Amino acid sequence: MLFEAPQLPAADAVWAEAHAALLDQVQRGEPAHALQRLARSIAHLLDARCRIVAQLGARQQCVFEGGVDPGDEAALAEPPQVRWQLRLSHAGQAVGELELLLPELGFAREALTQRIEPLLNTASALVAALLEQRGHAPPASLSVARAAMREAGTYVWEWDIASDALGDIDEGALMLGYAPHQIGHTQSDWNRLIHPDDIDGVEAAYEAHAEGRSELYRSVYRARAADGQWRWIEERGRIVERDANGRPQRMYGTQTDATVQHALEQARQDQLAAEAASAAKTEFLSRVSHELRTPLNAVLGFAQLLDVDTSGNPLDDAQRRRITLIRQAGEYLLAMIGDLLDLSLVESGRLQMQIEPVRLAPLAADCLDLVRGQAQAAGVQLRLEPVDTALWVRADAMRLKQVLINLLTNGIKYNRPGGEVTLATSQLGSGHGRIDVSDTGIGIPAEQHAGLFQPFNRLGRESGKVQGSGLGLALSQALVTVMGGQLSVSSSPAGSCFGVVLPVG
Ligand code: ADP
């Protein structure tokens, strides 16, 4: 259990002085002396025993000790309370270790780590200098190869399985942004960084490889980086040494930070799932619409027959009104099902369009005629601005009519008694024609514009008197887009204007 203590064993100034003295030694090119002195200084400053081990090769070591009097048998026999091993690495490669044996840890480990860090860096540089002096520096080509791999995001490791030590090469700390000594250097230390949900998978992958069930050890897991974030690590490796009984002794491998690729793959999977869900929804809508149409046409047909049937007793006024209501409700439903079917066809890219030059003036007049009855019933005036008779656009005439009728109907529905709906056309300089349907209605607040073209979004008018399904504008926009045009809106409390822009025909 660590606890925060106000004081470290030596004041900053003492540490700084010790460090400066050591740097002086380094510059004078005496790494062995400097290391010896460093071990003693650290031992003195921490009131501990300090061992610095320079790894000269696979089996050869050079050890520098401080804080222990070789004649003090009692002190040597007394077991230390705290053993703290810190990895020394230089240019991304492990070169040795610094071990502290403390009677007790009377201060926070983080505070000590921070204080000792410059000394560790110096120790690492000294050990590297010593190795070079004694001809044990790794060949330059190997360092370059490792550096190149690091630049490409791949880090190498070596695991001495019997001792659990991550060997000379262990760059995992670097990959996750830790200082080399921060995470310890056994496989168990590393495993503590692995996400608890992933550790079983990692161990299973190792077992499979160790037991010969898989040619290569491979696992993908999350590990906690120095900044506290989880990173996705892709790890591969192979057992390179076994004992006489076939027990794994040594393993080499690489680690790659695959967080970005993982995020991209996740986004791709999400998109595929969303596309599949959308395709399923479109398919469902299209089937349901088809299935609903048939019985609904029967209902409408028989209501019509009842209305004109003279074979029995004549119908009274109340009965006729009821039949009219059945027909109106049926027609409304049929129109809504038609919109749903169209929308699903557009979404699935199966809507057939016949795009050709269309003259706007007669088409606009036709549309106004078709909504005249509705406008009269609502007490709304229809106006057609003088239309350029020479204006042609490229469109599917039937679908363009459908869009304009929808916009005109909205202009009438969301208007005030005595209000106006105007249809105007204009030729734009950009090789496009424009049709504006404007009204003197209730307007649409700017913050609701984004929701206007979403299917089934009625902008909160669900419980109002005006009937609607919220499909009209979504479908209109989809149709105009398929025709290569654009549908836009502008609005104020004095009314709204919907504009359809299409290429000139
Ligand atoms: P519907 O009219 O069937 O509800 P639409 O998709 O045509 O569906 O329109 C969506 C919503 O946009 C309407 O419910 C209404 O709230 C609003 N809206 C559409 N046109 C106008 C307009 N001209 N003036 C005011 N609000 C409108």
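A few points on the structure. (Residues numbered from 1 in each chain as written. Predicted model: local features only at pLDDT ≥ 70, side-chain atom pairs only at ≥ 80, totals over all residues. Heavy atoms only, no water.)

**Some remarks on the overall build of the chain**
Keep this limit in mind: A run of H or I in DSSP becomes a helix once it reaches four residues, and a run of E becomes a strand once it reaches two; helices and strands are each numbered from the N terminus. When accessible area is computed with a 1.4 Å probe and restricted to protein chains, residues below 20% of their type maximum are described as buried, those above 50% as exposed, and intermediate ones as partly exposed. Note that accessible areas follow from Shrake-Rupley with a 1.4 Å probe, and for residues the cover is restricted to the protein chains shown.
Counting its secondary structure elements, the chain contains 13 helices and 16 strands. Put simply, the chain has 505 residues, and 41% of those count as buried. As presented, the chain carries roughly 27300 Å² of accessible surface, and 53% of it is formed by carbon and sulfur atoms.

**Side note on the nonpolar core**
Keep this limit in mind: Among buried residues, those of type Ala, Val, Leu, Ile, Met, Phe, Trp, Tyr and Cys that are joined through side-chain atoms within 4.5 Å constitute a nonpolar core. Residues count as neighbours in contact if any of their non-hydrogen atoms are within 4.5 Å of one another.
Counting 44 residues, the largest nonpolar core has L400, L404, L407, L408, L452, F498 and V500 as its most contacted members. Looking at this core element by element, the count peaks at 7 residues for helix α11 (residues 360-378). Excluding residues that lie within four positions of it along the chain, F498 makes contacts with L407, I435, D436, V437, I444, L452, F453, L473, L487, S488 and V489.

**A closer look at the site of the ligand**
Condition: One heavy atom within 4 Å of a molecule or strand is enough for the residue carrying it to be called near that molecule or strand. Think of a polar contact as two N or O atoms within 3.5 Å of one another; within protein, one of them needs to be a possible hydrogen donor and the other a possible acceptor, and neighboring residues in sequence only count if both atoms come from side chains. Three residue categories are used. Nonpolar comprises Ala, Val, Leu, Ile, Met, Phe, Trp, Tyr, Cys and Pro, charged comprises Asp, Glu, Lys and Arg, and polar comprises the others, including Gly.
What surrounds the ligand is a group of 19 residues, the closest being N410, Y414, R458, S469 and L473. Here G470 contributes a backbone N or O atom positioned 3.0 Å from an oxygen atom of the ligand. Between G472 and the ligand, the recorded distance is 3.3 Å, taken from a backbone N or O atom to an oxygen atom. In the complex, the protein chains occlude 98% of the 530 Å² of accessible area that the ligand would expose alone. Looking at the shell around the ligand residue by residue, the class counts come to 7 nonpolar, 8 polar and 4 charged.

**What about the sheet that holds strand β15 (residues 486-492)?**
For clarity, the cut-off: The rule for pairing is simple: two strands pair if DSSP sees at least two bridges between them. Geometry is summarised by axes, namely lines fitted to C-alpha atoms with helices restricted to the contacting stretch, and by angles between N-to-C directions that run from 0 to 180 degrees.
Sheet architecture is open: 5 strands sit in the order β11-β13-β14-β16-β15, paired in mixed fashion. The open sheet terminates on both sides in strands that have one partner only, identified here as β11 (381-384) and β15. If you compare each strand with its neighbour and ignore which way they point, the axes differ by 15 degrees on average. Inspection of the sheet shows β15 paired to strand β16 (residues 495-503) by 7 bridges, in the antiparallel sense. Within β16, the position partnered with S490 by the bridge is C497. Most of the contacts of α11 go to β11, to which it runs at about 175 degrees, and overall it touches β11, β13 (420-428) and β14 (432-439).

**Let's talk about the environment of K401**
Within the fold, K401 resides in helix α12 (residues 397-413). Relative accessible area serves as the criterion here: at 26%, K401 is assigned to the partly exposed category. Here the alpha-carbon distance between K401 and L363, two residues 38 residues apart in the chain, equals 7.0 Å. K401 has contacts with L363, D366 and C367, leaving out every residue within four places of it along the chain.

**Comments concerning the packing of helix α2 (residues 31-46) against helix α4 (residues 109-133)**
We apply this condition: Convention used here: angles under 35 degrees read as roughly parallel, angles over 145 as roughly antiparallel, angles from 65 to 115 as roughly perpendicular, and any remaining angle as oblique. The handedness criterion is simple: a crossing whose near helix is rotated anticlockwise from the far helix by less than a right angle is left-handed, and one whose near helix is rotated clockwise is right-handed.
It is the contact of α2 with α4, at a shortest axis distance of 9 Å, that shows an interaxial angle of 160 degrees. The angle between α2 and α4 falls in the class roughly antiparallel. Crossing hand, α2 versus α4: left-handed. In this structure, α2 uses P31, A32, A34, L35, L38, I42 and L46 to contact α4, whose residues at the interface are L112, I116, L119, A123, L126, V127, A129, L130 and Q133.

**Let's talk about the packing of helix α10 (residues 317-347) against helix α13 (residues 472-482)**
Close contact between α10 and α13 brings their axes to 10 Å; oriented N to C, the two are set at 40 degrees. With respect to their mutual orientation, α10 and α13 come out oblique. Seen from above, α10 lies across α13 with left-handed handedness. Together, D339, D342, L343 and V346 of α10 and A474, L475, A478, L479 and V482 of α13 make up the contact between the two elements. Of the residues assigned to the contact of α10 with α13, the class counts are 7 nonpolar, no polar and 2 charged.

**Considering α10**
Definition in use: The length a helix should cover is 1.5 Å for every residue beyond the first.
Between its terminal C-alpha atoms α10 stretches 45 Å, which fits the 45 Å expected from 31 residues at 1.5 Å a residue. Among all positions in α10, only I323, G330, I337, G338, L340, L341, D342, L343, S344 and V346 are buried. Among the structural elements, α9 (259-308), α12 and α13 are those in contact with the buried residues of α10. Regarding α10, its N-cap is D316, as a side-chain oxygen of that residue lies 3.2 Å from the backbone nitrogen of A318 further along. Immediately beyond the C-terminal end of α10, within one or two residues, lies G349, with a positive phi of roughly 75 degrees.

**Section: the environment of M353**
Within the secondary structure, M353 sits in the loop between α10 and β10 (356-359). M353 sits 46 residues away from R399 along the chain, and the two C-alpha atoms are 8.0 Å apart. The contact partners of M353, leaving out residues within four places of it in the chain, are D396, R399, L479, V482 and M483.

**Here we look at a nonpolar patch on the surface**
Heads up, the condition is: Note that patches include only residues with greater than 30% relative accessible area and no salt bridge, and the join distances are 9 Å for like charges and 5 Å for nonpolar side chains (Val, Leu, Ile, Met, Phe, Trp, Tyr). Whenever a carboxyl oxygen of Asp or Glu lies within 4 Å of a side-chain nitrogen of Lys or Arg, that contact is scored as a salt bridge.
On the surface, a cluster of nonpolar side chains totalling about 270 Å² of accessible area is made up of F284, V288 and L292. Exposure remark for F284: the relative accessible area of 54% places this residue in the exposed category.

**Re the pattern of salt bridges**
Within this structure, the stated rule accounts for 25 salt bridges. Two residues, E347 and K281, come together in a salt bridge whose shortest N-O distance is 3.5 Å. Residue E347 is found in helix α10, and its partner K281 is found in helix α9; the two are separated by 66 residues along the sequence. With its nearest N and O atoms 2.9 Å apart, the salt bridge here joins D342 to R399. With D342 in helix α10 and R399 in helix α12, this pair connects stretches of sequence that are 57 residues apart.

**So, unusual backbone geometry**
A positive phi angle, close to 70 degrees, is found at F456, a residue other than glycine. Of note, F456 is situated in the loop between β14 and α13. If you check the backbone angles, L459 has positive phi at about 55 degrees while not being a glycine. Counting through the fold element by element, L459 comes out in the loop between β14 and α13.

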